[in-house]
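Architecture and fold: a report
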Amino acid sequence: MLTFELFTEDIEPDLLIYLRGSFETALKRIKKRGRGYEQEESKIEYFKLLHSQYDSWIYKQTHFREMLVIDADKYDILKNEDKREVLDLIDQKIKKLKNRYY
């Protein structure tokens, strides 16, 4: 049986895109998304714990050449203007990476 680790052991991603935002923004979006299993009050503490650990986990990842941190509090990609701006940020970063590495 193939595991994710075995399948990806030789892959080094060029870019990690991290959508970083406050817990309040994340919770608001979870509620807006409306998935039943995410709406239980008992899950809020679990989500808060996960959210509190993300920064330390993300910044310890050393197998990415580059990281792009996008402020999820600033952008709501359900709004067309914000979506365009985020896609532009990603596009600019990819172009810089292409120039640097390829």
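Values in this document were obtained by computation on a predicted structure and should not be read as measured data.

Concerning the nonpolar core
- Counting residues in each nonpolar core, the largest one holds 7 residues, listed as Leu15, Leu68, Ile70, Tyr75, Val86, Ile90 and Leu97.
- When contributions to this core are tallied by element, the ones reaching two or more residues are strand E2 (66–71) and helix H4 (80–101).
- Sort the elements by how many residues they give to this core and H4 lands first, with 3 residues.
- Of all hydrophobic cores here, the second largest spans 5 residues; its members include Phe23, Leu27, Ile30 and Phe47.

A closer look at a nonpolar patch on the surface
- Judged by side-chain polarity, Tyr46, Leu50 and Tyr54 come together as a nonpolar surface patch covering roughly 310 Å² of accessible area.
- In this fold, Leu50 is placed in helix H3 (residues 43–60).

Overview of the pattern of salt bridges
- Counted according to the given criterion, the structure contains 6 salt bridges.
- Note that Lys93 is salt-bridged to Glu66, the shortest N-O span being 3.2 Å. Remark: Glu66 occurs in strand E2 and Lys93 occurs in helix H4; sequence separation between them is 27 residues.
- Assessed through its relative accessible area of 16%, Glu66 is described here as buried.
- Sharing partners across several salt bridges, the network here consists of Arg33, Arg35 and Glu38.

Remarks on the packing of aromatic side chains
- Summed over the entire model, instances satisfying the criterion amount to 3 aromatic pairs.
- Aromatic side chains Tyr18 and Tyr59 sit 6.3 Å apart centroid to centroid with 80° between the ring planes, which places their arrangement in the edge-to-face category. With Tyr18 in strand E1 (residues 15–20) and Tyr59 in helix H3, the pair connects residues that are 41 residues apart, well separated along the chain.
- You can call Tyr59 partly exposed: its relative accessible area is 46%.
- Residues Tyr46 and Phe47 carry aromatic rings whose centres are separated by 6.1 Å and whose planes lie at 50° to one another, so their mutual orientation is tilted.
- Given the relative accessible area of 15%, Phe47 is considered buried.
- Put simply, the rings of Tyr18, Tyr54 and Tyr59 pair up and form one aromatic cluster.

A few points about the side chain of Glu38
- Residue position: Glu38 is located in the loop between helix H2 (23–33) and H3.
- Take Glu38: its relative accessible area is 11%, and that puts it in the buried class.

Calculation notes
Here, residues in each chain are numbered from 1, in the same order as that chain's written sequence. It should be noted that, the model being predicted, local features are given only for residues of pLDDT at least 70 and side-chain atom pairs only at 80 or more, the latter also being counted only at that level, while totals for whole chains, interfaces and linings use all residues. The basis for the side-chain values is all heavy atoms of the structure; hydrogens and waters are excluded. Definition used in this section: a nonpolar core is a set of buried Ala, Val, Leu, Ile, Met, Phe, Trp, Tyr and Cys residues joined via side-chain atoms within 4.5 Å. Each residue gets one of three labels from its accessible area relative to the maximum for its type: buried under 20%, exposed over 50%, partly exposed in between, using a 1.4 Å probe on protein chains only. Helix and strand definitions follow DSSP, with helices as H or I runs of at least four residues and strands as E runs of at least two, each counted in order from the N terminus. The patches described consist of residues with a relative accessible area above 30% and no salt bridge, like charges being joined within 9 Å and nonpolar side chains (Val, Leu, Ile, Met, Phe, Trp, Tyr) within 5 Å. Shrake-Rupley sampling with a 1.4 Å probe provides the accessible areas, and residues are treated as covered by the protein chains on show and by no other component. Each reported salt bridge corresponds to a side-chain nitrogen of Lys or Arg within 4 Å of a carboxyl oxygen of Asp or Glu. Centres within 6.5 Å are what make two rings of Phe, Tyr or Trp a pair, Trp counting through its six-membered ring; a difference in plane orientation under 30 degrees is then read as stacked, over 60 as edge-to-face, and the rest as tilted.

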